[in-house]
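# Inside the fold
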Amino acid sequence: MHPDIERIVFSQNQIHQRVSELGAALSAEYATPELRGAGVELVCVLKGAATFMSDLARAMTIPLEMDYMAVSSYGTGTTSSGVVTFQKDLSSDITGKHVIIAEDVIDTGLTLQRLLQVLAARNPASLEVVPLLRKDVPGQADIDCKMVGFECPNDFIVGYGLDYAERYRNLPYIGVLKPEAYQ
Ligand code: PRP
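A brief report on the enclosed structure follows.

What counts, and where the lines are drawn
- Residues numbered from 1 in each chain as written.
- Predicted model: local features only at pLDDT ≥ 70, side-chain atom pairs only at ≥ 80, totals over all residues.
- Heavy atoms only, no water.
- Helix = DSSP H or I, 4+ residues; strand = E, 2+ residues; numbered from the N terminus.
- Rg over C-alpha atoms; globule rule 2.2 N^0.38 Å.
- Buried < 20%, exposed > 50% of the residue type's maximum accessible area, 1.4 Å probe, protein only.
- Contact = heavy atoms within 4.5 Å.
- Areas by Shrake-Rupley, 256 points an atom, 1.4 Å probe, with all protein chains shown as cover.
- Lys, Arg positive; Asp, Glu negative; His and termini not counted.
- Charge placed at Lys NZ, Arg CZ, Asp CG, Glu CD.
- Disulfide = S-S within 2.5 Å.
- Core = buried A, V, L, I, M, F, W, Y, C linked by side-chain atoms within 4.5 Å.
- Phe/Tyr/Trp six-rings, centres within 6.5 Å; stacked < 30°, edge-to-face > 60°.

Looking now at the overall build of the protein. On a plain count of helices and strands, the protein comes out with four helices and nine strands. Against the 2.2 N^0.38 benchmark of 16 Å for 183 residues, the protein shows a C-alpha radius of gyration of 16 Å, consistent with a compact globule. Its C-alpha atoms put the protein at 50 × 35 × 25 Å along the principal axes. Among the 183 residues that make up the protein, the fraction classed as buried is 45%. Sequence-distant contacts in the protein: of pairs separated by 6 or more residues, those separated by 24 or more amount to 63%. For the protein, the computed accessible surface area is about 9,000 Å², with 50% contributed by carbon and sulfur atoms. Measuring between centres, the 15 positive side-chain charges of the protein sit 3 Å from its 23 negative side-chain charges.

Tallied over the full model, the rule gives zero disulfides. Just so you know, C44 is unpaired, no disulfide at all, and the nearest cysteine sulfur is the one on C145, 16 Å from it. We classify C44 as buried; its relative accessible area is 0%. C145 forms no disulfide, and the closest cysteine sulfur to it belongs to C152, at a distance of 13 Å. You can call C145 buried: its relative accessible area is 17%.

On to the nonpolar core. Counting residues in hydrophobic clusters, the biggest one holds 32 residues, and the most contacted among them are F52, L56 and L133. Contact partners of L56, with chain neighbours within four places excluded, come to V19, L22, G23, L26, L42 and A102. Counting residues in hydrophobic clusters, the runner-up holds 19 residues, among them V45, I94, I106 and V129.

In the structure shown here, the tally under the stated rule is four aromatic pairs. Geometrically, the ring pair formed by F156 and Y182 is tilted, given 4.4 Å between the ring centres and 40 degrees between the ring planes. Of this pair, F156 sits in the loop between β7 (150–152) and β8 (157–158) while Y182 sits in the segment after β9 (174–177), placing them 26 residues apart in sequence. Residue classification places Y182 among the partly exposed positions, given a relative accessible area of 28%. Each residue in the set F156, Y164 and Y182 is aromatic and connected to the rest through ring pairs, giving one cluster.

Okay, structure coming up:
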């Protein structure tokens, strides 16, 4: 285990198992001719979700497209303001497509709340959210998720795409960062 990690919350095996389940469930759900005909698009919210989406896509067995957007949520200190700035937009037109947003974590929920507004205005055939993690955060925005990987305590977690100051994204597991690593 990395010396900056206090404890592992979700192991590499647990994540692999759960992402496989999500991929199989989504493949079954979107397997109808009508849904496949319109086209399924996985949308990745960079950077944190890149690891999750690339594994999720490989766990899915239906034809799909993948696209990426980068957003920043500015706030004071560690809190998110919900003011979302788009740094990179999708390169594809999602009108009429079945869009699945693959997100790494829902914290305050403000990023996804704004993102859903923006993407819904582009008239996709459907728009769903699948986060790997949903943190137990008081006052979290109410985001209707198609599926959730894991419910997660409100700890300072890193790994499998999640960072602290851009580090630890490459850990193959999700763990709690030791306080001395960020104090
Ligand atoms: C993280 C995460 C989500 C968002 C969730 O992204 O990837 O997109 O915060 O927080 P919220 O529910 O409070 O809005 P971050 O801005 O840290 O960027 P990153 O993905 O590049 O690490």
